[in-house]
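One-letter residues, chain by chain:
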Amino acid sequence: MVVTALVFALLWARMESGASDTVAVMPFMDDAGTYWMYLLSQAFGWSGLLWAWGTVMLGLLLSGPRPDRLPVSRQVLERWHRTTSLTTMALMFAHALMFAAELVRYETKVDWAERLWVGFADTFVPGWYDSGTGRIAIPLGQGALYLVVPLGPLFYVRHRIGANTWRRLHRFVIVVYVLSVWHTLLYGTNVWFGEWPHTVLWLLQLPVAAILLLRLLKPARRAERLGPPNGGAGVARPTWRARAVGRVVAGAVVVGLVIVVMSGRDGGRDRPTHPSATAPHSQETD
């Protein structure tokens, strides 16, 4: 909550000073007092992405090769991983709810029942939001939210579904993180332009990809090591191929991230010379 409050204060101050990228994208929002729910939604989203980054790093550290020295015990790291995971889930829900609340406030041309439906549908129904980049970015965020709901709490029922099943399903948490980052790069108005915040967001993905590659190349569990296909203690060929492809893809992602950051071709838009009049979408009418 402290991190979210600090991000909210920063976004508010930038909007009040006229330096907000959000206002450059959507000039009609140049009023922090009116659009405070949108700012709070952004603050929850950025805070959630920060905690997601932290919990993914902790998870990879716990499941990969053990460093010789750790500042804290493994038990403490596991507790931090669980806590940051649950915190991330809460922040994702808060981000979505505040976005829906802002849409309800925005829809002034219809009655309250219709406003509530529009806010809910645009936020939580895949494919319903029909404005600009949001037609792709919103479903990506929804995908991350709906994936994390079953995957996150599985830790607490692993004794019922079996440890091996839990481990296989838990690996898909990285998909939640990828969708969240993709959603932010496409729709985060604070990283809309190809400037340093956009570049920093890309840079933060380098250690995640590098540790993921190391985790795949040198897994802590013997059963997950690549080994020879078939024969003796080797693994079945389909499993071996899947593991080999996973390592190649992770390596390609690391190389791709380095190229993107060094070349500066990271998908950032050019800052407009004339203000845009972009709105979330046309208001609903009866």
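First, a word on what this report is: a plain description of the structure on this page. Because the structure is predicted, anything quoted here is derived from the model rather than measured.

**Here's the deal with the overall build of the protein**
The helix and strand tally for the protein stands at 12 helices and 0 strands. Sequence-ordered secondary structure for the protein, helices as α and strands as β, is α-α-α-α-α-α-α-α-α-α-α-α. Each principal axis of the C-alpha atoms in the protein carries an extent, and together these give about 70 × 45 × 35 Å. Looking at the protein alone, contacts between residues at least 24 apart form 69% of all its contacts between residues at least 6 apart. For the protein, the accessible surface area stands at approximately 15,800 Å², while carbon and sulfur atoms represent 67% of it. When the 27 basic and 18 acidic side-chain charges of the protein are each reduced to a single mean position, those positions are 24 Å apart.

**Remarks on helix α1 (residues 2-17)**
Over its 16 residues, α1 runs 22 Å from end to end, which matches the ideal 22 Å to within 8%, given 1.5 Å per residue. Taken residue by residue, α1 has Thr4, Leu11 and Met15 as its buried positions. Taken down its axis, α1 places every buried residue within 35° of arc, on the same side. Away from the buried face of α1 by more than 90 degrees, exposed residues Val2, Leu6, Leu10, Glu16 and Ser17 are located. Here the buried face of α1 lies against α2 (21-25), α3 (36-63) and α4 (74-106). One or two steps after α1, the chain reaches Gly18, where phi turns positive at roughly 90°.

**Regarding the side chain of Thr22**
Here Thr22 shows up in helix α2. Given a relative accessible area of 0%, Thr22 falls into the buried group. At 2.7 Å, the side chain of Thr22 forms a polar contact with the side chain of Thr189. Beyond its immediate chain neighbours, meaning those up to four positions away, Thr22 contacts Met15, Met29, Tyr38, Gln42, Thr189 and Asn190.

**A word on the packing of helix α10 (residues 196-203) against helix α11 (residues 205-217)**
Put simply, α10 and α11 touch, their axes get as near as 4 Å, and they point 10° apart. When the axes of α10 and α11 are compared, the pair comes out roughly parallel. Residues Leu201, Trp202 and Leu203 of α10 form the contact with α11, whose own contacting residues are Gln205, Leu206 and Pro207.

**Remarks on the packing of aromatic side chains**
For the structure on display, the rule yields 9 aromatic pairs. Taken together, a centroid distance of 5.5 Å and an interplanar angle of 35° make the contact between Phe120 and Phe124 tilted. Linking Phe120 with Phe124, this pair stays in helix α5 (residues 112-124), spanning 4 residues, or about one helical turn. Its relative accessible area of 42% is what places Phe120 among the partly exposed residues. Here the aromatic cluster, defined as three or more aromatic residues joined through ring pairs, consists of Trp117, Phe120, Phe124 and Trp128. The positively charged end of Arg115 is found above the aromatic ring belonging to Trp112, 4.2 Å away from the centroid. The ring of Phe155 carries the charged tip of Arg158 above its face, separated from the ring centre by 3.9 Å.

Cut-offs applied
- Residues numbered from 1 in each chain as written.
- Predicted model: local features only at pLDDT ≥ 70, side-chain atom pairs only at ≥ 80, totals over all residues.
- Heavy atoms only, no water.
- Helix = DSSP H or I, 4+ residues; strand = E, 2+ residues; numbered from the N terminus.
- Contact = heavy atoms within 4.5 Å.
- Areas by Shrake-Rupley, 256 points an atom, 1.4 Å probe, with all protein chains shown as cover.
- Lys, Arg positive; Asp, Glu negative; His and termini not counted.
- Charge placed at Lys NZ, Arg CZ, Asp CG, Glu CD.
- Expected span 1.5 Å × (residues − 1).
- Buried < 20%, exposed > 50% of the residue type's maximum accessible area, 1.4 Å probe, protein only.
- Arc of directions from axis to C-beta.
- Polar contact = N/O pair within 3.5 Å; in protein donor to acceptor, adjacent residues only side chain to side chain.
- Axes fitted to C-alpha atoms, helices over the stretch in contact; angles between N-to-C directions.
- Parallel < 35°, antiparallel > 145°, perpendicular 65-115°, else oblique.
- Phe/Tyr/Trp six-rings, centres within 6.5 Å; stacked < 30°, edge-to-face > 60°.
- Lys NZ or Arg CZ within 6 Å of the ring centre and 35° of its normal.

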